[in-house]
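Close look at the chain arrangement
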Amino acid sequence: MEYIELGPVRAGETCAQVGTDNYLARSMGECEVFRRMLERVLPIPEGLPMKYAVRSHPHDFGNYREVSIRYDEANGQAVEFAYEAERSVPAEWDAIARYDLAWYERKRAYELAVQEKRQQTDEVPTHFGTTEPPGLPAGSPFSELLATQPL
């Protein structure tokens with residue numbers, strides 16, 4: 001199997017930097033949002049031996065993460081699709097990805113508030129809920145997603 005690195009986020013977007021506070025959580029959230037968006041906007045044709053994956057790579061300041069497309073180099077269609085996916089990485093987030101990024105930001109803010117509350121008292125607030133954003137219908141505008149799934 002071969003890999004083509006597609007980046008940690010969409011083309012031209014700033015992302016979490018290795019060595020910064022909360023890098024692990026931020027980078028995993030960003031990469032998961034990006035991976036799911038690629039699965040929506042550049043779906044892999046059924047039957048091709050390939051998939052989008054979040055991978056970790058060593059760096060002088062620690063490991064960094066990127067989304068890759070893994071493909072079987074012996075399958076011509078898979079090779080063609082992998083290189084087409086690399087050329088076609090979206091320049092903009094779709095509405096669902098924008099919602100998911102806002103959801104992860106809210107989750108991080110909640111987790112920080114929980115930590116502060118624990119430091120001040122023995123009281124533990126209720127859990128944020130799920131570990132991933134809710135599944136949302138494709139094609140909905142961002143405002144509709146916020147109206148139906150408020151953050």
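Starting afresh in each chain, residues are numbered from 1 along the sequence in its written order. The predicted origin of the model limits local features to residues at a pLDDT of at least 70 and limits the giving and counting of side-chain atom pairs to 80 or more, whereas totals for whole chains, interfaces and linings rest on all residues. Note: side-chain values were computed over all heavy atoms of the structure, leaving out hydrogens and water.

**A few points about the packing of aromatic side chains**
Aromatic contacts are taken between Phe, Tyr and Trp rings whose centres are within 6.5 Å, Trp giving its six-membered ring; a plane angle under 30 degrees counts as stacked, one over 60 as edge-to-face, and the others as tilted. What the rule picks out here adds up to three aromatic pairs. Relative to tryptophan 93, the ring of phenylalanine 34 lies with its centre 6.2 Å away and its plane at 90°, an arrangement referred to as edge-to-face. Residue phenylalanine 34 is located in helix H1 (residues 23–41), and its partner tryptophan 93 is located in the loop between helix H2 (76–87) and helix H3 (95–120); the two are separated by 59 residues in the primary sequence. Exposed residues in this analysis have more than 50% of their type's maximum accessible area, buried residues have under 20%, and partly exposed residues fall in between, with area computed by a 1.4 Å probe over protein chains only. The buried category is assigned to phenylalanine 34, whose relative accessible area is 0%. Ring centres 5.2 Å apart and planes at 90° place the aromatic pair tryptophan 103 and tyrosine 104 in the edge-to-face group. Accessibility assignment for this pair places tryptophan 103 and tyrosine 104 in one class, buried. Sitting over the ring of tyrosine 3, arginine 55 keeps its end group 3.6 Å from the ring centre. Runs of E in the DSSP output that reach at least two residues are strands. Runs of H or I that reach at least four are helices, and both are numbered from the N terminus. Remark: a charge is flagged as sitting over a ring if the NZ atom of Lys or the CZ atom of Arg is within 6 Å of the ring centre and within 35 degrees of the ring normal.

**Regarding the pairing of strand S3 (residues 64–71)**
Counting buried positions over the eight residues of S3 gives six, a clear majority of the element. Pairing analysis gives five bridges linking strand S1 (residues 2–7) to S3, with the strands arranged antiparallel. Its bridge partner being in S3, glycine 7 is matched across the sheet by valine 67. Note on pairing: DSSP must find at least two bridges between two strands before they are called paired. Strand direction decides the pairing type here: strand S2 (residues 50–57) and S3, joined by eight bridges, are antiparallel. Across the sheet, methionine 50 pairs through a bridge with tyrosine 71, a residue of S3. Connecting S2 to the antiparallel partner S3 that follows it, the hairpin turn spans six residues, and glycine 62 within it adopts a positive phi of roughly 130°.

**Comments concerning the environment of tyrosine 99**
Residue position: tyrosine 99 is located in helix H3. By relative accessible area, which is 1% here, tyrosine 99 ends up buried. When the C-alpha positions of tyrosine 99 and leucine 145 are compared, they lie 7.2 Å apart, and in sequence the two are 46 residues distant.

**What to know about the side chain of serine 27**
One can find serine 27 in helix H1. Counted as a polar contact is a pair of N or O atoms within 3.5 Å, where, for protein atoms, one must be capable of donating a hydrogen and the other of accepting one, and residues adjacent in sequence contribute only when both atoms are in side chains. Within the local environment of serine 27, its side chain forms a polar contact with the backbone oxygen of leucine 24, the two atoms lying 3.3 Å apart. Once residues lying within four places of it in the same chain are set aside, the contact partners of serine 27 are Ala16 and Arg65. By definition in these notes, contact holds between two residues if any of their heavy atoms fall within 4.5 Å.

**Thoughts on the nonpolar core**
What makes a nonpolar core is a set of buried Ala, Val, Leu, Ile, Met, Phe, Trp, Tyr and Cys residues whose side-chain atoms join them at distances within 4.5 Å. Counting residues in hydrophobic clusters, the biggest one holds 29 residues, and the most contacted among them are Leu6, Phe34, Met50, Tyr52 and Ile69. Taken together, the elements giving at least two residues each to this core come down to S1, H1, S2, S3, H2 and H3. The dominant element in this core, judged by the number of residues it contributes, is H3, at six residues. Apart from residues lying up to four places away in sequence, tyrosine 52 is in contact with Leu6, Arg35, Leu38, Glu39, Leu42, Ile44, Ser68, Ile69, Phe81 and Ala85.

**Quick notes on H3**
Between the first and last C-alpha of H3 there are 38 Å, a value that for 26 residues agrees with the 38 Å anticipated at 1.5 Å per step. Buried within H3 we find Ala95, Ile96, Ala97, Tyr99, Asp100, Trp103, Tyr104, Lys107, Arg108 and Val114. Tucked into the core, H3 has its buried residues touching H1 and helix H4 (142–148). Here the expected length of a helix is defined as 1.5 Å per residue gap, with one fewer gap than residues.

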